[in-house]
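Breakdown of the fold
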Amino acid sequence: MVFLIYNYFYNVSGAFMNTLILDGIFQNNDVTLTDNSKTTLDYIISKIDRTLFERVILLQTGTITTVPDTVKNVVIENKTIGVILKSILKESKNSDNIVIHTSGNPFFDIQYVKTMIDRHEKYVADYTYSIGFPDFLVPQIITPNCLKNLITLCGENQEIRDDYLFYAISKDINSFDIETFISKHDLRLYRISFGTYGKPEKIFLDNLLNSISPDTTYDDLVDYLLKNQHLFYTTVYGAFFEITTVSNTEPIYYPAKNSPDVFCDPVQFDRVLVTLQTMNPHIKIIFNGRGDPLRHPDFITMVTSVIEKKLELIIETDGYCVTDNITEALNDFKENITFVIKIDAFSDETYKKIHNGYDLNIPKAAFTLLKNKGFTTYRQIVRMTCNEDDIEALLKNKDMENLILRKYSQYCGTLPDRKVVDLSPLKRFPCYHIRREISFTPDLAIQLCMYSNEKLHCTVDDAPDVYKKEFISQTKAEYRECCKNCDDYYIFNF
Ligand code: SF4
């Protein structure tokens, strides 16, 4: 019966049949346009051509409550790849093509989508997507057969990321016929995302819709974004705290300490966290810097402050104070903590050169202890000319698991040039650090970034506005002295 109905539609219309999946899997709530008159879903529905889509499905986890009557609401039980792909396949029924668009993104350029569908059909593609646009701006198209193959390829239970479709295709990319649409300007470097997965993206969308209509075509939107880069600043994504200046090994890749021992005040720290969380409920907290965070006498209290607020914490340490007592004290928090251990070498000889004669076995033992206790733990190597052979040795020994290679910084000309390669982009763009981060000294002063010791002389509340001004200056190629020759602007953490 289903087969007959399918043929009826196909033969009478002479056209392919398409299902539109509005992907709300990673959307945390209803998203309204700036005047609150409509949700993004209402807006998309008002623009779509129902002769193009035989059915429109919202796929979500139950967080979106306002669903237009003309949309079938499908709530999935979890975000594993098997469940998501099978749900899309089931709901697309006998469609020839499945168009997937992010439900929190009101920009739905129907002419562009039609062109994509036409080319997808003409070249009998399995998958059609775009390159160079902001993330999740342009829909993707997939055939049910391709989806079936992906289900086999990916298995069932893997928890996935928001770009699950491309992630699944990438597992065997050469097996699929893929059509690609390329943006006239490549905006990938700017790391902009549509779909409002968090507060920063919602701020971006609101600011954008205050100045441009959601009816804007994708090509015009790309032009507009390129000319209006001030919109890219939203709020802080990551907060870096050097909670003490006290270091165990004083490695050569940090500027020499020229101040007495300083320890961050844990009560003030907690207040700062509260403020930061109002700016971004999912802000990442990082304990880093030249001092070792575990040397702070209130280290456990400060970790507790972070975790009690359900924030994620990354702790960079040389490993010298990682003990059984520490792992026991942090045992209940392990889901929210990631450790990064500074090992910096393969051989003890190189380690000694970098870490003032100290012993590589200590950070190695810290790594093993934390791993065995179930903490997410990485080893970090700051890549320099003096440890390049060590990186080769790790590679040869197939010892690259959980290894982070970090770019060497000259800290705005404070340190000698020890970098191995220059990976700077050909064309400079505004610094990621001022756009997405906030950086604190141990006395909780705010500094420009973790590489510059220039203070911003502002309160935490005012910091986003101050960073935004810095960012806007850089969009006009106006740089502070310390930024002019800096090559850390293109390295990002969050
Ligand atoms: S350009 Fe360099 S010094 Fe300036 S804010 Fe960015 S990382 Fe810091």
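Residues numbered from 1 in each chain as written. Predicted model: local features only at pLDDT ≥ 70, side-chain atom pairs only at ≥ 80, totals over all residues. Heavy atoms only, no water.

A short note on unusual backbone geometry
Positive phi outside glycine occurs at Arg191, with the angle close to 50 degrees. Position of Arg191 relative to the elements: it lies in the loop between strand 7 (178–182) and helix 7 (199–211). In the Ramachandran plot, His457 falls in the positive-phi region, its phi being about 50 degrees despite a non-glycine side chain. Within the secondary structure layout, His457 lies in the loop between strand 15 (446–447) and helix 16 (463–475). (Helix = DSSP H or I, 4+ residues; strand = E, 2+ residues; numbered from the N terminus.)

Quick notes on the site of the ligand
Inspection of the region around the ligand gives 13 residues, with Arg428, Cys431, Cys449, Cys483 and Cys486 positioned closest. A breakdown of the residues in the shell around the ligand according to their chemical character gives 10 nonpolar, 1 polar and 2 charged. (Near = heavy atom within 4 Å. Nonpolar A, V, L, I, M, F, W, Y, C, P; charged D, E, K, R; others polar.)

Overview of the domain arrangement of the chain
Looking at the chain, the domain boundaries give domain 1 (2–188) and domain 2 (238–484). Each of domain 1 and domain 2 was reduced to a C-alpha centroid, and the two centroids are 39 Å apart. (Domains from an automatic or database assignment.)

As for the sheet that holds strand 12 (residues 376–383)
Reading across the sheet, the 8 strands line up as 13-12-11-10-9-8-14-15 and stay open at both edges, with mixed pairing between neighbours. For this open sheet the edge positions go to strand 13 (403–407) and strand 15, each flanked by a neighbour on one side alone. Here strand 8 (residues 238–241) pairs with strand 14 (residues 437–440) via 4 bridges, running parallel. Directly across from Phe241, in strand 14, lies its bridge partner Phe440. Lying on the sheet, helix 13 (residues 361–372) is in contact with strand 11 (337–342) and strand 12; it crosses strand 11 at an angle near 160 degrees. (Pairing = 2+ DSSP bridges. Contact = heavy atoms within 4.5 Å. Axes fitted to C-alpha atoms, helices over the stretch in contact; angles between N-to-C directions.)

A few points about the nonpolar core
Phe53, Phe241, Leu276 and Phe287 are the most contacted members of the largest nonpolar core, which has 106 residues in total. Each residue touching Phe287, except ones within four places of it in the same chain, is listed here: Phe241, Ile243, Phe269, Pro293, Phe299, Met302, Val303, Val306, Leu313, Ile314, Ile315 and Glu316. With 32 residues, the next largest nonpolar core counts Phe26, Ile76, Leu150 and Cys154 among its residues. (Core = buried A, V, L, I, M, F, W, Y, C linked by side-chain atoms within 4.5 Å. Buried < 20%, exposed > 50% of the residue type's maximum accessible area, 1.4 Å probe, protein only.)

Things to note about the state of the cysteines
Under the defined criterion, the tally for this structure stands at 0 disulfides. With no disulfide of its own, Cys412 lies closest to Cys482 among cysteine sulfurs, the gap being 4.6 Å. (Disulfide = S-S within 2.5 Å.)

Description of a nonpolar patch on the surface
A cluster of nonpolar side chains, namely Leu395, Met400 and Leu405, defines an oily patch on the protein surface of about 250 Å² accessible area. Inspection of the secondary structure puts Met400 in the loop between helix 14 (388–396) and strand 13. Since its relative accessible area comes to 30%, Met400 is described here as partly exposed. (Patch = residues over 30% accessible without salt bridge, like charges linked within 9 Å, V, L, I, M, F, W, Y side chains within 5 Å. Areas by Shrake-Rupley, 256 points an atom, 1.4 Å probe, with all protein chains shown as cover. Salt bridge = Lys/Arg side-chain N within 4 Å of Asp/Glu carboxyl O.)

Focus on the pattern of salt bridges
Under the defined criterion, the tally for this structure stands at 22 salt bridges. Salt-bridge contacts for Lys114 lead to Asp49; the nearest nitrogen and oxygen are separated by 3.2 Å. Here Asp49 lies in the loop between helix 2 (40–47) and strand 2 (55–60) and Lys114 lies in helix 4 (residues 110–122), a separation of 65 residues in the sequence. Lys407 is the partner of Asp488 in a salt bridge, and the nearest nitrogen-oxygen pair spans 2.6 Å. Taken as a pair, Asp488 in the segment after helix 17 (481–484) and Lys407 in strand 13 lie far apart in primary sequence, 81 residues in all. A residue is classified by how much of its surface remains accessible, and Lys407, at 22% relative accessible area, is partly exposed.

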